[in-house]
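Letter by letter, the chains look like this.
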Amino acid sequence: MRCFKLEENLKWGMLCYAYEGKNVVIVQGFKSYLAVLFFKGLLIKDPKKLLVKTGENTRVGRQLIFDDLKDVKKKNSAFKAYIKQAIELEK
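Heads up: these notes are all about the structure in this document. It should be emphasised that the depicted structure is a prediction, and the values quoted were computed from it without experimental measurement.

**A closer look at a nonpolar patch on the surface**
Okay, step 1: Taken together, the side chains of L42, L43, V60 and L89 define a hydrophobic patch exposed on the protein surface, amounting to about 330 Å² of accessible area.
Okay, step 2: Turning to its location among the elements, L43 is positioned in the loop between strand 4 (34–38) and strand 5 (51–53).

**Quick look at the packing of aromatic side chains**
Okay, step 1: Applying the stated criterion to the full structure yields four aromatic pairs.
Okay, step 2: A centroid spacing of 6.4 Å and a plane angle of 45° characterise the contact between W12 and F39, whose relative ring orientation is tilted. Of this pair, W12 sits in the loop between strand 1 (7–11) and strand 2 (14–19) while F39 sits in the loop between strand 4 and strand 5, and the two are 27 residues apart along the sequence.
Okay, step 3: Under the relative-accessibility criterion, W12 is labelled exposed at 60%.

**Observations regarding the pattern of salt bridges**
Okay, step 1: Scanning the model with the defined rule gives three salt bridges in all.
Okay, step 2: In this structure, K75 and D71 form a salt bridge, with 3.1 Å as the shortest nitrogen-oxygen distance. Here D71 and K75 lie together in helix 1 (residues 69–90), a separation of four residues that amounts to about one turn.
Okay, step 3: Across the pair E88 and K91 runs a salt bridge whose closest N-O atoms are separated by 3.2 Å.
Okay, step 4: The exposure class assigned to K91 is exposed, which follows from its relative accessible area of 61%.

**Quick notes on the sheet that holds strand 3 (residues 22–29)**
Okay, step 1: Spatially, 1-2-3-4-6-5 is the arrangement adopted by the six strands of the open sheet, whose pairing is antiparallel. Every other strand in the sheet has two partners, leaving strand 1 and strand 5 as the edge strands with one partner each. Going across the sheet, the axis of each strand differs from the next one's by a mean of 30°, ignoring polarity.
Okay, step 2: Where strand 4 and strand 6 (residues 62–66) come together, five bridges link them in antiparallel fashion. Across the sheet, residue V36 finds its bridge partner in strand 6, namely L64.

**What to know about the nonpolar core**
Okay, step 1: Grouped together as the largest cluster of nonpolar side chains are 18 residues, with contacts concentrated most on L6, V25, F38, L64, F79, Y82 and I83.
Okay, step 2: For this core, the secondary structure elements donating two or more residues are strand 2, strand 3, strand 4, strand 6 and helix 1.
Okay, step 3: The element that contributes the greatest number of residues to this core is helix 1, accounting for six residues.
Okay, step 4: In contact with F38, not counting residues within four places along its chain, are V24, V25, I44, L51, V60, G61, R62, L64, F79, Y82, I83 and A86.

Calculation notes
- Residues numbered from 1 in each chain as written.
- Predicted model: local features only at pLDDT ≥ 70, side-chain atom pairs only at ≥ 80, totals over all residues.
- Heavy atoms only, no water.
- Patch = residues over 30% accessible without salt bridge, like charges linked within 9 Å, V, L, I, M, F, W, Y side chains within 5 Å.
- Areas by Shrake-Rupley, 256 points an atom, 1.4 Å probe, with all protein chains shown as cover.
- Salt bridge = Lys/Arg side-chain N within 4 Å of Asp/Glu carboxyl O.
- Helix = DSSP H or I, 4+ residues; strand = E, 2+ residues; numbered from the N terminus.
- Phe/Tyr/Trp six-rings, centres within 6.5 Å; stacked < 30°, edge-to-face > 60°.
- Buried < 20%, exposed > 50% of the residue type's maximum accessible area, 1.4 Å probe, protein only.
- Pairing = 2+ DSSP bridges.
- Axes fitted to C-alpha atoms, helices over the stretch in contact; angles between N-to-C directions.
- Core = buried A, V, L, I, M, F, W, Y, C linked by side-chain atoms within 4.5 Å.
- Contact = heavy atoms within 4.5 Å.

Given below as structure tokens:
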């Protein structure tokens, strides 16, 4: 996340990245996958439909889920594009 100049913090026991004090993404670890939650994910353009709603009552947040290292490599370019969009939303 350094290449995006995001501030790294620990919030709710997880790594959280912010832009000028505004939360952009949080890294969530689960037993079978790793997820990056975009706080304003609903507003991110997602032509590949990779972002998923985290729960029934979730309104704005969306997750990008990584199942394994191959999945990280496969979704890397989309991930970077989503981060750039998320930062622009905060500007």
